[in-house]
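Spelled out, the chains give:
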Amino acid sequence: MNEINKKAELPACPVETTLTLIGDKWKVLILRDLLTGTKRFGELKKSVGNVSQKVLTAQLRAMEESGLVHRQVYAEVPPKVEYSLTELGLSLKPILDCMFTWGEAYKANH
């Protein structure tokens, strides 16, 4: 799919566009965990929580396709794969920081 078609498929509303890219619970948690640096699949599976291997794989592929995550495969036996945030993925840090701050305040008051 080329870039023009991708843009044509995105919602008109910028908030909806953001939710389309990161609105899934697992994607937000993957972003949170990759903000601290590069991780292997097993590390992500442990840190993200109760996510199946199939769902985590699908979420990582979708995030890679949208340009948020970089997947680095090393030609080793056994195969080594690492995931990191792209510059675009890192640009979501202020959004996650706000979510963290809001969540802390909510928990303190309820």
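Look a little higher up for the structure.
Okay, so let's go over this structure.

1. Regarding the sheet that holds strand β2 (residues 69-74)
So, point 1. Judged by pairing direction, the sheet is antiparallel, and its three strands sit side by side in the order β1-β3-β2 without closing on themselves. Here the strands that pair on one side only, and so sit at the sheet edges, are β1 (39-40) and β2.
So, point 2. Its contacts with the sheet place helix α3 (residues 25-34) against β1, β2 and β3 (80-85), and it is angled at close to 95° to β3.

2. Let's talk about the pairing of β2
So, point 1. With six bridges connecting them, β2 and β3 associate as antiparallel partners. Bridge pairing in β3 links His70 to Ser84.
So, point 2. In sequence, β2 turns back onto β3 through a hairpin of five residues.

3. Some points on the pattern of salt bridges
So, point 1. Counted by the stated rule, this structure contains three salt bridges.
So, point 2. The closest approach of N and O atoms between Glu82 and Lys80, which form a salt bridge, is 3.6 Å.
So, point 3. Glu82 sits in the buried class, given a relative accessible area of 18%.
So, point 4. With relative accessibility at 22%, the residue Lys80 sits in the partly exposed group.
So, point 5. Asp97 is the partner of Lys93 in a salt bridge, and the nearest nitrogen-oxygen pair spans 2.8 Å. Taken as a pair, Lys93 and Asp97 lie in helix α7 (residues 93-109) at a separation of four residues, close to a single helical turn.

4. A short note on the layout of surface pockets
Vacant regions in the atomic arrangement are exposed by a probe of water-molecule size rolled over the atoms.
So, point 1. What the second largest pocket holds in volume is close to 260 Å³.
So, point 2. If you go around the second largest pocket, the residues you meet are Leu19, Ile22, Gly23, Lys25, Val28, Leu29, Arg32, Leu96, Met99 and Phe100.
So, point 3. Listed by contribution, the elements that provide at least two residues to the lining of the second largest pocket are α2 (14-22), α3 and α7.
So, point 4. If one sorts the elements of the lining of the second largest pocket by residue count, α3 sits on top with four residues.
So, point 5. Looking at the lining of the second largest pocket, its residues break down into seven nonpolar, one polar and two charged.

5. Regarding the packing of aromatic side chains
So, point 1. Within the structure shown, the criterion is met by one aromatic pair.
So, point 2. With a centroid separation of 5.4 Å and an interplanar angle of 15°, the aromatic rings of Trp102 and Tyr106 are classed as stacked. In this pair, Trp102 and Tyr106 both sit in helix α7, four residues apart, roughly one turn of the helix.
So, point 3. On the accessibility criterion, Trp102 (59% relative accessible area) is exposed.
So, point 4. Cation over ring: Lys25 sits above Trp26, and NZ or CZ is 4.7 Å from the ring centre.
So, point 5. The ring of Tyr74 has Lys80 lying over it, and the distance from NZ or CZ to the ring centre is 4.9 Å.

About the criteria used
Residues numbered from 1 in each chain as written. Predicted model: local features only at pLDDT ≥ 70, side-chain atom pairs only at ≥ 80, totals over all residues. Heavy atoms only, no water. Pairing = 2+ DSSP bridges. Helix = DSSP H or I, 4+ residues; strand = E, 2+ residues; numbered from the N terminus. Contact = heavy atoms within 4.5 Å. Axes fitted to C-alpha atoms, helices over the stretch in contact; angles between N-to-C directions. Salt bridge = Lys/Arg side-chain N within 4 Å of Asp/Glu carboxyl O. Buried < 20%, exposed > 50% of the residue type's maximum accessible area, 1.4 Å probe, protein only. 1 Å grid on protein atoms, 1.4 Å probe; cavity = no way out; pocket = protein on both sides within 12 Å on 5 of 7 lines; lining within 4 Å. Points joined across faces, edges and corners; volume = space filled by probe spheres on them. Nonpolar A, V, L, I, M, F, W, Y, C, P; charged D, E, K, R; others polar. Phe/Tyr/Trp six-rings, centres within 6.5 Å; stacked < 30°, edge-to-face > 60°. Lys NZ or Arg CZ within 6 Å of the ring centre and 35° of its normal.

Note that all results are geometric; they support no functional claim without further evidence.
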